[in-house]
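# Residue-level structural notes
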Amino acid sequence: MISDGTKKAIIALQQRYPVKRSALIPALHLVQAEVGYLPLAIQHEVAALFDIDPNEVNAVVTFYDMFFDKPVGKHLVHVCKNISCMLRGSDELLTKLCDKLQVAPGETTADGEFTIIPSECLASCDRAPMILIDDMVHGPIADSDLDSLLEEAKKRRGHPCPAGELAHG
């Protein structure tokens, strides 16, 4: 259930745009920051706030890899799968990372610490192969870098909400 505070923040966001549906993506970020993910029941609540069909909300949630319709780990590890990274070993890197954490791509570790997300271009081709852990770009990286990167990530807060500042202003 979406809190009254987040609902008010969404209504305020809608008023910033000539067409309120334009606020859907930042609104989904706010709700995901509050709830942690966007299950169907929450997507229906968001749809009601926008007076749109819930399928429209679901289409956005399932299209973008920044939204989650099931729980994710504290830390998100995006492994770039685009051609520059692939040619420099990202497929092997993804395999090693998944083996190390004992998960398949798209899964979350048993301790809830990491979710591994194969992603299309992460816009750092000059750092291929690269990964994005929460909001930090790392690359070029080698298999030998994985342990220290994962340990370093565990010391940090976790993945941020890109629209977090919208909730406060």
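Heads up: the structure comes first, above all this text.
Residues numbered from 1 in each chain as written. Predicted model: local features only at pLDDT ≥ 70, side-chain atom pairs only at ≥ 80, totals over all residues. Heavy atoms only, no water.

### Some thoughts on the pairing of strand 2 (residues 114-119)
For strand 2, a buried count of five out of six residues is recorded, marking the element as mostly surrounded by other parts of the structure. As defined by bridge partners, strand 1 (residues 75-80) adjoins strand 2 across six bridges and the pair is classed as parallel. Each residue of the ladder has a partner; that of Val 77, found in strand 2, is Ile 116. (Buried < 20%, exposed > 50% of the residue type's maximum accessible area, 1.4 Å probe, protein only. Helix = DSSP H or I, 4+ residues; strand = E, 2+ residues; numbered from the N terminus. Pairing = 2+ DSSP bridges.)

### A word on the nonpolar core
The biggest cluster of nonpolar side chains holds 21 residues, and the ones touching the most others in it are Leu 24, Leu 28, Val 46, Phe 50 and Val 57. At the level of elements, helix 1 (4-14), helix 2 (24-35), helix 3 (40-50) and helix 4 (54-63) are the ones that each hand at least two residues to this core. Residues in contact with Val 46, not counting those within four places in the same chain, are Ile 2, Leu 24, Leu 28, Val 31 and Val 57. (Core = buried A, V, L, I, M, F, W, Y, C linked by side-chain atoms within 4.5 Å. Contact = heavy atoms within 4.5 Å.)

### Observations regarding the side chain of Thr 6
Mapped onto the fold, Thr 6 is located in helix 1. Contact partners of Thr 6, with chain neighbours within four places excluded, come to Leu 30, Val 31 and Glu 34.

### Notes on the state of the cysteines
Evaluation of the coordinates by the stated rule reveals zero disulfides. Cys 125 carries a free sulfur, and the closest cysteine sulfur to it, the one in Cys 121, is 4.3 Å from it. (Disulfide = S-S within 2.5 Å.)

### Some details on the environment of Thr 95
In this fold, Thr 95 is placed in helix 6 (residues 90-101). Between the alpha carbons of Thr 95 and Ser 3 there is a distance of 39 Å; along the sequence they are 92 residues apart.

### As for the packing of helix 1 against helix 3
In a pair of packed helices, the angle between the axes and the distance between the axes together describe the arrangement. Contact geometry of helix 1 with helix 3 gives a least axis separation of 11 Å together with a crossing angle of 40°. On the basis of their axis angle, the class for helix 1 and helix 3 is oblique. Helix 3 is crossed by helix 1, and the crossing has right-handed handedness. Contact residues: Lys 7, Ile 10 and Gln 14 in helix 1; Glu 45, Leu 49 and Phe 50 in helix 3. Its residues assigned to classes, the contact of helix 1 with helix 3 shows three nonpolar, one polar and two charged. (Axes fitted to C-alpha atoms, helices over the stretch in contact; angles between N-to-C directions. Parallel < 35°, antiparallel > 145°, perpendicular 65-115°, else oblique. Left-handed = near helix turned anticlockwise from the far one by under 90°. Nonpolar A, V, L, I, M, F, W, Y, C, P; charged D, E, K, R; others polar.)

### Topic: the pattern of salt bridges
This structure, assessed with the given rule, holds eight salt bridges. Among the ionic pairs, Asp 147 bridges to Lys 100, the shortest N-O distance being 2.9 Å. Here Lys 100 lies in helix 6 and Asp 147 lies in helix 7 (residues 146-154), a separation of 47 residues in the sequence. Given a relative accessible area of 46%, Asp 147 falls into the partly exposed group. (Salt bridge = Lys/Arg side-chain N within 4 Å of Asp/Glu carboxyl O.)

### Considering helix 1
For helix 1, the set of buried residues is Thr 6, Ala 9, Ile 10, Leu 13 and Gln 14. For helix 1, the arc enclosing every buried residue in end-on projection is 140°, short of the 170-degree limit, so these residues lie on one face. Set apart from the buried face of helix 1 by more than 90 degrees, the exposed residues are Asp 4, Gly 5 and Lys 8. (Arc of directions from axis to C-beta.)

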